[in-house]
Amino acid sequence: MFAPEILAATVDFLAGLAGDGAALEFGIGTGRIALPLAARGVPVHGIDLSRAMVERIRAKPGGDAIGVTIGDFATTRVESRFRLAYLVFNTINNLTTQAEQVACFRNAAAHLEPGGFFVVEVGVPPLRLVPPGQRFYTYNVSDTKWDIDEFDFATQQFYSHHFSVRDGRLDRNSIPFRYVWPSELDLMAQLAGMELAERWENWRREPFTAE
C-alpha cells in the first residue's frame, strides 16, 4: 500500500476528481494518501477516530496543514462542503453493520457539493477462493507469518486473523469487519441520493471484470 506506483496512481485519480475543489477523507489514518494529495494542491480535511493516528500525521512534513476532526466517519459532520469525499484500502469494512455502512454513504452525500464524488476503494469478497464446506481463506503464508480470513456467510461478518512468530512466541491479532458487494454499495449510494459514476479494477482505471 506504500509502493510509490500505488500512491502515485491513487493520488492522480483523486486529484483528477477533486479538480480545484477540496477533499474529505474518511478514516484519514496516518495521512498516507492525504499528505501527497495535499502536496498536489488539493485542500484535504480528514475524519478519524484515533487521536494516535492524527499525532502521526502532525509529526510528518506538511501534516500541520491537514485539518482533522476526531470522530466516527459514519456520522461525524464537518462544517464545510467538498468536491470529493473518499475512503481507501477497505476502510468501509471497518463499519461492521450494514446500517453503519449506509450511514457512511449518507454522511458522504451530506458533505458533497452538487456534482461531487464519493470514492470507495474496497476488495471484492474472495468467497469463491474459500474451499467448499469451509469458512477460512489463508494468504500471505511464510515460516513466521500466517494471515487467515474467517467468514460468516449468513451475516457478512468476517475476522482477519494475523499470526506471527516474534522472539519465539506466537502473536495473534484478530480484527472484525463486514464485507460488502459492489451491488450493495450501489444500493447504499441510491439510498443516499447518489448514483454510480465509475467502477474500475484499480486506480489506473483498468476494466472491472469477474476476475
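As shown above, the structure is provided for reference.
Note that the coordinates shown come from a computational prediction; the quantities given were computed from them, not determined experimentally.

1. Notes on the pairing of strand 5 (residues 112–120)
- In the sheet, strand 4 (residues 82–87) pairs with strand 5 via 5 bridges, with the strands oriented parallel. Counted as the bridge partner of Tyr86 is Val119 from strand 5.

2. A few points about the sheet that holds strand 8 (residues 157–166)
- Spatially, 6-7-8-9 is the arrangement adopted by the 4 strands of the open sheet, whose pairing is antiparallel. The outermost strands of the open sheet, each flanked by one partner alone, are strand 6 (136–139) and strand 9 (169–178). Averaged over all pairs of adjacent strands, the angle between their axes in this sheet comes to 20°, without regard to strand direction.
- The pairing of strand 7 (residues 145–152) with strand 8 spans 8 bridges and is classified as antiparallel.

3. Some thoughts on the sheet that holds strand 3 (residues 67–70)
- A sheet is described by the order of its strands in space; here 5 strands give the open sequence 3-2-1-4-5, paired in parallel fashion. The open sheet has two free edges, formed respectively by strand 3 and strand 5, since each of these has just one partner strand. With direction set aside, neighbouring strand axes in the sheet form an average angle of 20°.
- Along the sheet, helix 1 (residues 4–18) contacts strand 4 and strand 5; its crossing angle with strand 4, the most-contacted strand, is approximately 150°.
- The sheet contacts of helix 4 (residues 98–111) involve strand 1 (23–26), strand 4 and strand 5, and relative to strand 5 the element is tilted by about 145°.

4. Structural notes on the side chain of Thr76
- Position of Thr76 relative to the elements: it lies in the loop between strand 3 and strand 4.
- The residues contacting Thr76, other than those within four sequence positions of it, are Ile47, Thr69, Ile70, Gly71, Asn107 and His111.

5. Some points on the packing of helix 4 against helix 5 (residues 182–191)
- Taken N-terminus to C-terminus, the directions of helix 4 and helix 5 make an angle of 55°; their axes are 8 Å apart at the nearest point. Classified by the angle between their axes, helix 4 and helix 5 sit oblique to one another. Crossing hand, helix 4 versus helix 5: right-handed. Between helix 4 and helix 5, the contacting residues are Gln98, Gln101, Val102, Phe105 and Arg106 on the first element and Glu184, Leu185, Met188, Ala189 and Leu191 on the second.
- In the contact of helix 4 with helix 5, the residues fall into 6 nonpolar, 2 polar and 2 charged.

6. Topic: helix 5
- Within the span of helix 5, buried status applies to Pro182, Glu184, Leu185, Met188 and Ala189. For helix 5, the angular spread of buried residues about the axis comes to 160°, placing them on one side. Along helix 5, the residues that are exposed and aim more than 90 degrees away from the buried face are Ser183 and Gln190.
- Along its buried surface, helix 5 packs onto helix 4 and strand 9.

7. So, the nonpolar core
- Judged by nonpolar contacts, the single largest core of 25 residues is most densely connected at Leu14, Leu37, Val44, Leu84, Tyr86 and Val119.
- Those elements giving two or more residues to this core turn out to be helix 1, helix 2 (34–39), helix 3 (51–58) and strand 4.
- When residues in this core are grouped by element, the largest group, 8 residues, is from helix 1.
- Residues in contact with Tyr86, not counting those within four places in the same chain, are Leu14, Ala23, Leu24, Glu25, Phe26, Ile33, Ala34, Leu37, Val44, Phe118 and Val119.

Conventions we followed
Residues numbered from 1 in each chain as written. Predicted model: local features only at pLDDT ≥ 70, side-chain atom pairs only at ≥ 80, totals over all residues. Heavy atoms only, no water. Pairing = 2+ DSSP bridges. Helix = DSSP H or I, 4+ residues; strand = E, 2+ residues; numbered from the N terminus. Axes fitted to C-alpha atoms, helices over the stretch in contact; angles between N-to-C directions. Contact = heavy atoms within 4.5 Å. Parallel < 35°, antiparallel > 145°, perpendicular 65-115°, else oblique. Left-handed = near helix turned anticlockwise from the far one by under 90°. Nonpolar A, V, L, I, M, F, W, Y, C, P; charged D, E, K, R; others polar. Buried < 20%, exposed > 50% of the residue type's maximum accessible area, 1.4 Å probe, protein only. Arc of directions from axis to C-beta. Core = buried A, V, L, I, M, F, W, Y, C linked by side-chain atoms within 4.5 Å.

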